[in-house]
Structure formats: structure tokens, C-alpha cells
Amino acid sequence: MHIMSFSERAYIDVPEDLIIENGSSYFGIPNTNFDAKIGSRLMNEYLDERVYAEELGFDGVMLNEHHQTPFCGGSVMDVEAAILARITKRVKIVLLGNPLPVADPLRLAEELATIDMISGGRLVPGWVRGAGSESIANNTNPAFNRERFNEAHDFIIDAWTKPGPWRHEGKHYNYRYVNPWALPLQKPVPQMWIPGIISPETVIWSARHRYPYVALGTNLEPTVEMVNLYADVAAQEGYQAGPENFGYLQNVCVAETEEKARELAKGFVYGGGFGSFARAEWMFPPGYNSKEATKRLAKAMTDPRTGTEIIRFSQGKVDVEEIKRSIDKNYQDVLTSGLVIAGTPETVIKRIRVMLETLRPGIFGTWYHHGPMSFEDRKTCLRLLGTEVLPAMREIAKELGLPGPFEVKPGSRPLPASGKRDSVVGALKAA
Amino acid sequence: MANQEWREETVRVAGTDLVYITGGTGAPVLVLHEELGHPGWLRWHSELARTRTVIIPHHPGFGKTPRVESVRNVRDLGNFYTKALRERSLRPVEVIGFSLGGWIAADMAASDPSQFQKMVLVAPTGVKPPQGDIMDLFILTAKAYLDASVQDIQSAPEFAKLYGGEPTPEQFEAWEDARAESARLAWVPYMFYPNFASLLENVVGLPTLLVWGKQDQIVPFSAAEVYKKSISGAELVAFDNCGHRPEVEKQAEFSQHLQRFLA
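Going along each chain's sequence as written, the residues are numbered from 1 onward. To read the labels, note that chains go from A and ligands from 1, taken in the order they are written. This being a predicted model, a pLDDT of at least 70 is required before a residue's local features are given, and a value of 80 or more before pairs of side-chain atoms are given or counted; all residues contribute to the totals for chains, interfaces and linings. Hydrogens and waters are ignored; side-chain quantities use all the structure's heavy atoms.

**Considering the sheet that holds strand E8 (residues 235-239) of chain B**
Residue and element names in this part refer to chain B.
Item 1. Any two strands with at least two DSSP-identified bridges between them are counted as paired. Segments assigned H or I by DSSP are reported as helices when at least four residues long, segments assigned E as strands when at least two residues long, and all are numbered from the N terminus. Taken in spatial order, the eight strands line up as E1-E2-E4-E3-E5-E6-E7-E8 in an open sheet, and their pairing is mixed. A strand with exactly one partner marks an edge of an open sheet, and here the two such strands are strand E1 (6-13) and E8. Neighbour-to-neighbour, the strand axes of this sheet turn through a mean angle of 25 degrees, independent of strand direction.
Item 2. In the sheet, strand E7 (residues 208-213) pairs with E8 via five bridges, with the strands oriented parallel. Looking at E8, one finds that Leu-210 is bridged to Leu-236.
Item 3. Here, residues are in contact when the closest pair of their heavy atoms is within 4.5 Å. Axis lines are fitted through C-alpha atoms, for helices just across the contact stretch, and the angle between N-to-C directions can take any value from 0 to 180 degrees. Strands in contact with helix H3 (residues 100-111) are strand E3 (27-32), strand E5 (93-98) and strand E6 (116-122); relative to E6, the strand with the most contacts, it is inclined by about 145 degrees.

And the structure:
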């Protein structure tokens, strides 16, 4: 099993009221609230935490990228990755992921190849379409998001593997001269992983490319459906999916006592948590969704039960106290459902075991921090994860037979002789 | 619906199945709809339909008419309609364009004014307003954009009829289709072409009526002057206490001006 450490490297000094008053949205908060002195301190602490994660024995440090928001400090993730490539020695540097539609793919191919070379071949690139708000933050036409994703992906693989110089005249990208003198050290190309929040289109695309799919803190039941969908497509493609094809990112906060862990883990719902990433009009820019997804959204948005939930704070005056009460209630719900796991190592190990038994992933990310949490508390959380939870997880992974993608090559398992695929998930039970 | 004044039809033009709304009697008039699609049959349509056959195509990609892959900007879309008019032997035709539809009509006229007999542009996009910016539909919900499109919702009863209350799933989906296709056409620069004023100088010998609300929050009134200056002989009718929809906010006066201009 490949076990990673992750956090959004958030700019955590934003008052919760400000997020709520902004329509329960991190995106759109004026940057007059940003203090570069605090930003500077945080960025260095976050880099130190990744070095510490390596010392503690994690297999990978995972980074991600969002733009123009305090939610995530990784607006130029490749810069962080380049630094980590030099100052770490062993861990994989896992980028989940680079938002292809908003990037210059030739420049991205060169950046990633540079990181791979500096790190001695420890880069794991990952590709995303980018949240809807990325189309706005980067001024890239959302109506062509998936087309741009596909073309940029194919272009980067070509840039890494096709002898240059050559010319590219595509639908969305045009290059008169492609001949990069920065190529990945890993041949023919590094392993690539795809993170997501279980959109069927992306799951199917990943299975066809034999890329491991990493579900980002999604509800257990739909995640099981996603794993099954992936495995079905894999079977159509002629291979048996296994744990090496699946990953899961888990909100998990560990402290010396149950009470402290629960208090710290509240940061995961700070300001509304992931649900407050951006308001509906920024999450669903025009044409970003497929026709099928738009149909689903049209139903959800106009249904009085779910619609008010989705656009709940977008319009009208905001009652901060009422929203805080609903955040508190939601916090209890996510603790119960297991979307957030908080406790002492002993408690946490039990709950993670249930996740591993159900989803059988070969990649497991521990998202250990969000919201206000001191450097000391973050390091304690990492230390307890690394010294107590991580060894236990390795034992469980061995017992359950959960190889990671560097133990079994993704897409290399033959289908059973019957031609029918084997089961890939365990029985569904509450975490 | 009994005694409905309009019907929906489909015609094969320029290689695609174009769905359009039509009603009325007399010479044809082409109506090019706005960025959120055809809003529905309104009172001004009824009044115009007494003397004209009103033809309102759903632009390609706007829900009912399938997307045309090669149409990626307003010039492409104008070219599509130029072909359609030629194939249906409709040129020269009278044209009325609203907002994005006004830009399409103006673009077609700049390319070949002889395809139109007369042109009415109602608060068209297409030029960069000298003061203010065109309101960005792509970072707003359709509902918020609609609400901003009239100066006073209460005094525009037809607006309330069409857009009041909670949207249905079908309406939401239609708006999203419209927003998506508008984004394909005009994501950046947003809803204008930098050199459009210069192109508009080619609109020569075409009677043109510009209609604008002085309090337009969608396309600032300052853009009206650019259109007026660029199109020789263009007449500007500006309504006070009126937003982006004079056809519903000042319906009676709007219809009168239309009758007079098209007479």
C-alpha cells in the first residue's frame, strides 16, 4: 500500500465569519485579507511538514492546486514540488493534480519533467479538469474544459515520448515547434494518477487509460459504486482491476486525546468546509458540465429540498449564527458517517480498517489538517499518524492483500479465465 | 394551447436541423434571440405578427437546435445564418436582434449589408462600451442575470410572467444550454470584438434602428453611441427609466417605434 500525507496548505488566518458572509464561499474573499508575512511563514511550515512526513515513513507527499482562494495555498503547486524534489530524498511527490485545461501544456510538460529529474524519478503526475472556479480564476473557457483536458493530456504524453522537433495544430492548442529539452527521468513516462470526486465520465476515462483513480473524501456508498464502475470498464478493456487501481483520500485528525482530536478536526468544516469551496455560480460555470451532468444538476438545483442546500447562501442576507449552527450539526454528521475521522491512534486505526476493508484501495491519502490548527498540533498529528497509525495500516494492508501501484503495475492483472471480473470491494458497512 | 399565435417548426438549413418559432402573416421578419435563448412569445411579438411573419430561430446549441461544431464565434454564427437566408431565398429580410442576437445581426450586416432590408438592434452586445463593462453572465446564475436585466421587475409585468417564481428543471437546463453556447461564442473577450466599431463602418445603405434603455445594466448605454457613430444614418431611440429589455419594460412605445420604422 502507498500511504500519503496531504493538506491543502490553506491560508488559515481567514475569520470564519468572513467565509460565511461571502455566501459560504472561500472563492471571492478579497485578497486585502491576505498578509504576506503570515503567508510566508505558513508556506515554509507546510514544506517542513512534508519533509517531516518523509522522516516519519510516509511513502508519498501529495500536493494539489487551486487558484485565487485561501482554501488552498498551492496556486503554483509545481514550484512547491520542485523544492520538495530537492529537499526530500525518498518520498514520491504526488501531484493530484495539475488542472490541464487551464495550463499551457508544453510549459507543463517541461515543468513536470524538470521536477522528475531533480527528484531522481520520484514524481507522480496527476491530471484534473480543475474545479469550475478554476475556469474563472484562469480565464479558460469552461465550455471547452473536457476537450482541452483530452487534447492537453495527449499532447503532454507526446511531448514526453515523441522524438522532436514536431508541430502541433490542434483544436485548442497550436505549437509551431515542440522539442523540449526537459524530459522525465522515468521511462517511458511516470505513473499518472487521477483524483476526483467520482464523476462517472472521469472514472471511465481513467479506467480506459489504466490510471489509478483516487477518490477525494467522497461518501462511502457512491465511492463503492465508482470502484465497481471502474472495474467494469477495466474488464471491457481486458484487464482485472485491483487495489493498485484505486485510491482514497481520508480526512483524518489524530491527537493525544479524543477531545483534542475532535476539537482540531473541526477545522475540516471551518466556514462550511469543502462545501464552502465556492458558490454554485462559480462551481458550475457555463458548459463545464456534460449534458447528462447538467440534467442531474437541473433536477437538484430546482428541487426545493436540495436546491436550497446547493445555493443556500448565494442570495439574500446571511445569518452567520444560523449557518454556524448548521455547520456544527454537519460536523456531528461527518464524524458519524466517517467522512472525517478524529481521535487517538487507537480509535483512528479501527475506523481506517473499516475503510480499507470496504474500498480495498492500494493508495491511501491522509488529509491531516484544514482550518485553524497550530504548527505544533499539525506536527503532533503527523507524528502520531506516522509512528502509530501508519505501521498498523501496513499490517492491515498486508493482511487484506492491498498492493499499491508501485508493487503491482496498474492494469497488469489479467482477467480470470472465465472472462468475468473478480469482485474489487468488500461489504459495505459504516466506518 | 388553443388559438396559440405561434408554432414550432424545423427546417433543414446549412447542414443542420434548425428549430424555429413562427407566427403571424405578411412579409417575413427574422428575430435573433439573446444570450439566454428565446424568452417566449411576448406581447410585442403578437403586435408585430399582425403585419409580419415572425421567424425566431433557436440558435444552434441553444437547447432545441443541435450544436454546430464549426460555430465557435459570432462570425461563424453570422455565416451560418447568411447561408440559411440564401438557402431559403429569404434575402433581403428585415431583422431584429436582441443583445447577443443584435451582435449577430450587426456582424452579418457588416459582412454584407445587402442581406437585410432593415435592421433593428435592441441593446446589442459586440462593442466594448466606452464606459462600464457588459455584465458577465458567466459568473452569475441565469436568474441573477435576468433579475438585473430590467430596471424594475414590478413595472415589467411580462417579465414577471416569464421569469417570476422558481425555475423548473427544464428552464434551468435551457438556461444552462444557452450559457454554455454563449460561452463557446463569446467567452473572451467577453461579448465583444475589439475591432467591431471599424467593421460596423461597412454597414452602408441599410436603414438601422437602435433601441436602448438608458439604465441598461447588462450592456451599458455608452455602447449605443459607438453603434450610432459607426453605422451611417442609424437612428437611436433611447428610453429613460428602462433597463436591458425595452420590449417588455416599454412595450407599447417599443411596438410603436417598430411599426413606424418597419412601415
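**Some words on the interface of chain A and chain B**
Item 1. Across the contact, 26 residues belong to chain A and 19 residues belong to chain B.
Item 2. In short, buried area is how much 1.4 Å probe accessible area vanishes from two parts on joining, totalled over both. Summed over both sides, the interface between chain A and chain B buries roughly 1900 Å², with carbon and sulfur atoms accounting for 60% of that surface.
Item 3. Sorting the residues of chain A by area buried against chain B places Glu281(A), Pro286(A) and Thr302(A) first, and these three jointly supply 26% of that buried surface.
Item 4. Whenever Lys or Arg places a side-chain nitrogen within 4 Å of a carboxyl oxygen from Asp or Glu, that contact is recorded as a salt bridge. Connecting chain A to chain B are four salt bridges.
Item 5. Between Lys295(A) and Glu173(B) there is a salt bridge, with the nearest N and O atoms lying 2.9 Å from each other.
Item 6. Identification of polar contacts relies on pairs of N or O atoms within 3.5 Å, with a donor-acceptor requirement for protein atoms, meaning one able to donate a hydrogen and the other able to accept it, and with residues adjacent in sequence counted only if both atoms are side-chain atoms. The tally of links from chain A across to chain B stands at eight residue pairs in polar contact (both at pLDDT 80 or more).
Item 7. Among the secondary structure elements, those contributing two or more residues to the side of chain A that touches chain B are helix H5 (132-137), helix H10 (280-283) and helix H11 (291-302) of chain A.
Item 8. Think of it as three bins: nonpolar holds Ala, Val, Leu, Ile, Met, Phe, Trp, Tyr, Cys and Pro, charged holds Asp, Glu, Lys and Arg, and polar takes everything else, Gly as well. For the side of chain A that touches chain B, a count of residues per class yields 11 nonpolar, nine polar and six charged.

**A short note on the side chain of Lys250(B)**
Residue and element names in this part refer to chain B.
Item 1. Following the sequence through the fold, Lys-250 ends up in the loop between helix H9 (246-249) and helix H10 (251-262).
Item 2. Despite being buried, Lys-250 has no salt bridge partner; Glu-253 is the closest side chain of opposite charge, sitting 5.2 Å away.
Item 3. Discounting chain neighbours no more than four positions away, the residues touching Lys-250 are Phe-239, Asp-240, Asn-241, Cys-242 and Arg-245. Relative accessible area decides the class of each residue, using a 1.4 Å probe on protein chains only: under 20% of the type maximum gives buried, over 50% gives exposed, and in between gives partly exposed. Only four residue types enter the charge count: Lys and Arg as positive, Asp and Glu as negative, with His and the chain ends excluded.

**Re the side chain of Thr88(A)**
All names here are of chain A.
Item 1. Mapping Thr-88 onto the fold places it in the loop between helix H3 (77-87) and strand E3 (92-95).
Item 2. A polar contact of 2.5 Å, which involves the side chain of Thr-88, links it to the backbone oxygen of Leu-84.
Item 3. The contacts of Thr-88, once residues within four sequence positions are left out, are Val-51, Glu-54, Ile-93 and Arg-122.

**Thoughts on the environment of Glu258(A)**
All names here are of chain A.
Item 1. Note on placement: Glu-258 falls in helix H9 (residues 258-265).
Item 2. According to the relative accessible area criterion, Glu-258 is partly exposed, its value standing at 27%.
Item 3. Separated by 90 residues in sequence, Glu-258 and Val-348 place their C-alpha atoms 9.8 Å apart.
Item 4. Excluding its chain neighbours within four sequence positions, the residues that come into contact with Glu-258 are Ala-342, Gly-343, Thr-344 and Thr-347.
Item 5. Polar side-chain contacts of Glu-258 include one of 2.4 Å to the side chain of Thr-347.

**Here we look at the packing of aromatic side chains**
Item 1. Only centres within 6.5 Å qualify two rings of Phe, Tyr or Trp (six-membered ring in Trp) as a pair; their planes then separate them into stacked at under 30 degrees, edge-to-face at over 60, and tilted for everything else. Going through the model one piece at a time under the given rule, you end up with 25 aromatic pairs over all chains.
Item 2. Geometrically, the ring pair formed by Phe27(A) and Trp282(A) is edge-to-face, given 5.2 Å between the ring centres and 65 degrees between the ring planes. Of this pair, Phe27(A) sits in the loop between helix H1 (16-21) and helix H2 (36-56) while Trp282(A) sits in helix H10, and the two are 255 residues apart along the sequence. In terms of burial, Phe27(A) and Trp282(A) fall into one category: buried.
Item 3. Aromatic pair Tyr230(A) and Phe246(A): ring centres 4.9 Å apart, planes at 65 degrees, arrangement edge-to-face. Here the residue Tyr230(A) occupies a position in helix H8 (residues 220-236), and Phe246(A) occupies one in strand E11 (residues 246-254), the gap between them amounting to 16 residues.
Item 4. A cation over a ring is seen here: Lys379(A) above Phe375(A), with NZ or CZ 4.2 Å from the ring centre.
Item 5. For a ring to carry a charge above it, either NZ of a lysine or CZ of an arginine must fall within 6 Å of the ring centroid while also lying within 35 degrees of the normal to the ring plane. Above the plane of the ring of Phe144(A) lies Arg72(B), whose end atom (NZ or CZ) is 5.1 Å from the centre.

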